[in-house]
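Residue-level structure breakdown
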Amino acid sequence: MAIDYQSRAQSVLDELAQRQTWRFRHIVYIALAAAFLVWCADGVDLRPAEVTRAIPIIADYFGRMAPPKWGFVETIWQPAVETLYVALWGNVLATFVGLPLGLLAASTVTRSGVLRNGAMAVLNVLRSISELIWAILFVAAVGLGPFPGALALGMNYGGILGRLYAEAIENVDKGPIEAMEATGASRLQVILFAVFPQALPQFVTYNLYWFEVGVRSATVLGMVGAGGIGFELITAIRLFEWREVGLILLFILGMVTIIDFASTFIRSRLY
Amino acid sequence: MLMTASTKTAPIVLSVRGLTKSYGNDVHALRGIDTDVQEGEFLVILGPSGAGKSTLMRCLNRLVEPTEGKIFHRDQEVTGKRRDLRALRRQFGMVFQQFNLVKRLSVLTNVLTGRLAYRSTWRSLFYNFSQEDKRIAIECLARVNLDHKAFQRADTLSGGEQQRVAIARALAQQPSIILADEPVASLDPKIARQVLTYLKQVSRELGITVLCNLHQVEYTREFAERIIGMSRGKVVFEGTAADLDDEVLHRIYYRDPDEEEDQGR
Amino acid sequence: MNSVTFESAVDAALQREVEVRRRRHLKLAGWALLAAAALWYSAAQIKLSPAALVSGIPFMWDFITRLFPPDLSYLAVLGDATIETVQIAIWGTLLAILMSIPLSFLGARNTTPHIVVFHLTRLLLNALRAINELVFALIFVSAVGLGPFAGVLAVALHATGMLAKFCAEEIEGVDKGQVEAQIATGASRMQVILFGVTPQIIPQFIGYAIYRLDVSIRSATVLGLVGAGGLGFSLIQTMKLFKYHQTATCILVIFLLVLVSDWICGRLRRKVI
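Residues numbered from 1 in each chain as written. Chains lettered and ligands numbered in written order. Predicted model: local features only at pLDDT ≥ 70, side-chain atom pairs only at ≥ 80, totals over all residues. Heavy atoms only, no water.

Quick look at the overall build of chain B now. Across its full length, chain B holds 10 helices and 10 strands. Computed over the C-alpha atoms, the radius of gyration of chain B is 19 Å, within 12% of the 18 Å expected from 2.2 N^0.38 for a compact globule of 265 residues. Taking the principal axes of the C-alpha coordinates as reference, chain B spans close to 60 × 40 × 35 Å. Residue pairs at least 24 apart in sequence account for 70% of intrachain contacts in chain B once pairs closer than 6 positions are excluded. As presented, chain B carries roughly 11500 Å² of accessible surface, and 49% of it is formed by carbon and sulfur atoms. Of the side-chain charges in chain B, 38 are positive and 34 negative, and the distance between the mean point of each set is 8 Å. (Helix = DSSP H or I, 4+ residues; strand = E, 2+ residues; numbered from the N terminus. Rg over C-alpha atoms; globule rule 2.2 N^0.38 Å. Contact = heavy atoms within 4.5 Å. Areas by Shrake-Rupley, 256 points an atom, 1.4 Å probe, with all protein chains shown as cover. Lys, Arg positive; Asp, Glu negative; His and termini not counted. Charge placed at Lys NZ, Arg CZ, Asp CG, Glu CD.)

Each helix and strand in chain C was counted, giving 10 helices and 0 strands. Going from the N terminus to the C terminus, chain C shows its helices and strands as α-α-α-α-α-α-α-α-α-α. The C-alpha radius of gyration of chain C comes to 27 Å, more than 25% above the 19 Å expected for a compact globule of 273 residues. Buried positions account for 52% of the 273 residues belonging to chain C. Within chain C, counting contacts between residues at least 6 apart in sequence, those at least 24 apart form 75% of the total. A gap of 4 Å separates the mean positions of the 22 positive and 16 negative side-chain charges of chain C. (Buried < 20%, exposed > 50% of the residue type's maximum accessible area, 1.4 Å probe, protein only.)

Time to look at the environment of lysine 243 of chain C. The residue lysine 243 of chain C is located in the loop between α9 (231–240) and α10 (244–272) in this model. Each C-alpha atom of the pair lysine 243 of chain C and arginine 66 of chain C lies 9.3 Å from the other, and the pair is 177 residues apart in sequence.

Here we take up a positive patch on the surface. Where like charges cluster on the molecular surface, the positive patch consists of Arg267, Arg269, Arg270 and Lys271 of chain C. Along the chain, the position of arginine 267 of chain C falls in helix α10. (Patch = residues over 30% accessible without salt bridge, like charges linked within 9 Å, V, L, I, M, F, W, Y side chains within 5 Å. Salt bridge = Lys/Arg side-chain N within 4 Å of Asp/Glu carboxyl O.)

Residues and elements named next belong to chain B. Pairing is mixed across the open sheet formed by 6 strands, whose spatial order is β6-β7-β8-β3-β9-β10. Looking at which strands have only one partner, the edges of the open sheet turn out to be β6 (92–95) and β10 (234–239). With direction set aside, neighbouring strand axes in the sheet form an average angle of 20 degrees. The pairing of strand β3 (residues 42–46) with strand β9 (residues 226–231) spans 4 bridges and is parallel. If you follow leucine 43 over to β9, its bridge partner there is arginine 226. Sheet strands touched by helix α2 (residues 53–60): β3, β6, β7 (177–180), β8 (209–214) and β9. Its angle to β8, the strand with the most contacts, is close to 150 degrees. (Pairing = 2+ DSSP bridges. Axes fitted to C-alpha atoms, helices over the stretch in contact; angles between N-to-C directions.)

Counted by the stated rule, this structure contains 38 salt bridges over all chains. Notably, a salt bridge pairs lysine 103 of chain B with aspartate 175 of chain C, separated by 3.9 Å at the nearest N-O pair. Of this pair, lysine 103 of chain B sits in the loop between β6 and α4 (107–112) while aspartate 175 of chain C sits in the loop between α6 (148–172) and α7 (176–184), which puts the two residues in different chains.

Moving on, we come to the packing of helix α11 (residues 242–270) of chain A against helix α4 (residues 115–130) of chain C. Axes are the key here: two packed helices are described by the angle between their axes and the distance separating the axes. Here α11 of chain A crosses α4 of chain C at 105 degrees, and the two axes come no closer than 9 Å. Between α11 of chain A and α4 of chain C, the crossing angle belongs to the class labelled roughly perpendicular. Packed against α11 of chain A, whose contacting residues are Ile252, Leu253, Val256 and Asp260 of chain A, the element α4 of chain C presents Asn126, Ala127, Arg129 and Ala130 of chain C at the interface. (Parallel < 35°, antiparallel > 145°, perpendicular 65-115°, else oblique.)

Moving on, we get to the interface of chain C and chain A. Taken together, the 57 residues of chain C in the interface contact 61 residues of chain A. For the pair chain C and chain A, the two sides together bury roughly 5200 Å², of which 79% comes from carbon and sulfur. Interface area lost by chain C to chain A is led by Ile46, Gln87 and Phe149 of chain C, which between them contribute 13%. Note that aspartate 262 of chain C and arginine 127 of chain A form a salt bridge whose closest N and O atoms lie 3.2 Å from each other. Between the two partners, chain C and chain A, sit 8 residue pairs in polar contact (both at pLDDT 80 or more). Sort the elements by how many residues they give to the side of chain C that touches chain A and helix α5 (residues 133–144) of chain C lands first, with 9 residues. For the side of chain C that touches chain A, the per-class residue count stands at 44 nonpolar, 8 polar and 5 charged. (Buried area = accessible area lost by both parts, 1.4 Å probe. Polar contact = N/O pair within 3.5 Å; in protein donor to acceptor, adjacent residues only side chain to side chain. Nonpolar A, V, L, I, M, F, W, Y, C, P; charged D, E, K, R; others polar.)

Residue-level contacts link 13 residues of chain B with 12 residues of chain A. Contact between chain B and chain A buries roughly 1300 Å² in total, counting both sides, with carbon and sulfur atoms accounting for 63%. Together, Arg135, Ile138 and Phe151 of chain B form the three largest contributors to the area buried by chain B at its contact with chain A, with a combined 43%. The interface formed by chain B and chain A contains 1 salt bridge. For arginine 8 of chain A, the salt bridge identified is with aspartate 147 of chain B, shortest N-O distance 3.0 Å. With 7 residues, helix α5 (residues 131–143) of chain B is the single largest residue contributor to the side of chain B that touches chain A. For the side of chain B that touches chain A, a count of residues per class yields 5 nonpolar, 2 polar and 6 charged.

On to the nonpolar core. Within the largest apolar cluster, 136 residues are counted, with the highest numbers of intra-cluster contacts made by Met223 and Val245 of chain A together with Ile139 of chain C. Core analysis: the next-biggest nonpolar cluster, separate from the first, contains 79 residues, Val111, Val165 and Val184 of chain B together with Ile201 of chain C among them. (Core = buried A, V, L, I, M, F, W, Y, C linked by side-chain atoms within 4.5 Å.)

Another aspect to go through is helix α4 (residues 73–105) of chain A. Taking 1.5 Å per residue, 33 residues should reach 48 Å; α4 of chain A reaches 46 Å between its end C-alpha atoms and fits that length. The largest bend in α4 of chain A is about 30 degrees, located at glycine 98 of chain A, with the proline proline 100 of chain A one to four residues further on. (Expected span 1.5 Å × (residues − 1). Bend = angle between axes of the 7 residues up to and from the residue.)

So, on to the packing of aromatic side chains. Residue and element names in this part refer to chain A. Enumeration according to the criterion identifies 17 aromatic pairs over all chains in this entry. Centroid distance tyrosine 157 to tryptophan 210: 5.5 Å. Interplanar angle 70 degrees. Geometry classified as edge-to-face. Highlighted residues: tyrosine 157 in helix α7 (residues 146–170) and tryptophan 210 in helix α9 (residues 187–221), separated in sequence by 53 residues. Relative accessible area serves as the criterion here: at 14%, tryptophan 210 is assigned to the buried category. (Phe/Tyr/Trp six-rings, centres within 6.5 Å; stacked < 30°, edge-to-face > 60°.)

Now for the side chain of arginine 127 of chain A. Examined against the element boundaries, arginine 127 of chain A turns out to sit in helix α5 (residues 113–128). Judged by relative accessible area, arginine 127 of chain A falls into the buried class, the value being 7%. At a separation of 3.2 Å, a polar atom in the side chain of arginine 127 of chain A contacts the side chain of aspartate 262 of chain C. Sequence-distant contacts of arginine 127 of chain A, defined by excluding residues within four places in its chain, comprise Asn156, Gly159, Ile160 and Arg163 of chain A together with Arg218 and Asp262 of chain C.

Written out as structure tokens, the structure is:
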């Protein structure tokens, strides 16, 4: 019996050895990948010498941020709250932009292929252009201040949310839709009573998540003059006021953490 | 008759003394287990779900820390220092209800994980095993007749085959005892018999003691050499399949062991 | 006798239902009112009003007309910047992957060596996540000078926070049975992580890393606004010089780049998962 097992094992072992030998093409793949990465690293000035030089300098800069300059709180309190307002309204505007477009782009709601593709194309444009570029455009159009910031977030996140809404609508359970259609309900009734109730919790989850992301984005909109704490940040960095920078970073961290907790709490209540 | 005579002379491989396990103050999973296991026997622990069979098994290789009591494996105390735990666990192969194969690894790699405790962490860092380990693993696979599927991903196998791979993994540890925790509870009857047959046959060939948790009486009658009946954290029966009559089954499955004690007094 | 009690039970249930519904409506109305008030107040604070938007439309229109037509001859100049953007994203993501492997194991409850290490790691990851790439880029540009190198570091740090937190949560969610089986064989902690945990999270990790590469490309397009390399630099420069036709070309290239990367990364992800 035992001999039988051993000879059977030998044939599997042989196959294993064959499977594990390195083929020439494996070596070629790895060499090509390595060459590509080296080329990329060279393009972005990422060299070992550069990195070893940079690390102590960066550590030193972060070191200069401690201790934070607590007196600066008075100055940044207002812009910090403004950041939240911008994120909040950005989210609301994004819903206004994303919801109609998302409905148009969803095959369960819109029958016309032209309309659907058109809506998808608009969403893609909105989505692909970063909120900062939108902010630059809106600042140029309506002037400095938090208002263009909220508009910019509304555009970019409108595109993102719109696509997510469309996906959520398309992925709802088809059963209730069929049942509703069977009762002779109109299209609008089907959408209102069979599609929306199913997709709504998903919508709220997306909105909450992108509000969190929006707060983080809103912290930098001020760099291009679109309101919020980013303006104070860029000024402090330009003036080499590192302890003020430290305080602003702490503020951002605090804000984001609080909102993280709040949104986790709301989401847990949602289901 | 012959069988009982031979088991009586066999040395004791595992002895459990006064084993209790409580969670908090209210939940008592095990309430004073005393038993001995003889070398090479196929012992079935029979009882309804929630009787503490699973907890008992996990105490034996200390996946669960017992609250009180002692366990001895041959002359070594299982409930001793944690330092010796790795070497000790090597002696206990384990087979689970849900198979617990690492689904994304190949069948062979899954069996090879049975060899991990024999090798240092650094040697296994890049998933390379010695030639000897590989040979042992493939032999174990051949014993459960799955050597032809060695290079498939574990989750492509059927439930029965996965459980046989799990048996091979336990064998690869070269253990003295295999702990099988409801090994066939998620399998249909035909496959279940097949898996139990493999388990019994292989352990016989290699002289490994098997402790097997079951809740089905029919499989117990068919495969057990000796039976321990458990109910609510206590041993309420010890004997062979022949002793397993209606009264005993009633004691295991329906009667509260505490009530019985009260009546006894 | 029986039917009487049955009917009164139905009546009581109906009454309760009305009450429950009224209470729920009141609660909803309260929340809606609160939300409306908050929105109203914040709108006033940031001077957001439909009137401002309407009065801004002519300016916006004027600005948009000045962007058109995009100056296509400028495309040739943007080639290098486009390649640089992609290179920044690739190395930023790669460094993030390397850094997030140890951090995600330290930051997961079931693999961390000590609970203090767990909390410290999570704190670090939260900080990396909270701070935008652009903020990091600004600081690094001050520290190591203008150029794509600062951009790579900025992308790497932020992506590390995102990737490691995601991965840590995946590690906490692995199937415990497969892990228990490894512990039962007598494997060491490290071996359990290698053979029981890692295989379970690898596909999700790769999928998220690819998604992160997509996001990093998007971020890298704007890093140039603060001088950290890539397309954003050309964008802001042409704007400062009022060469709006060239700005439009930059926006067009950014749009196309993001679209292509979105498409490629989407396909790659579907292949992995």
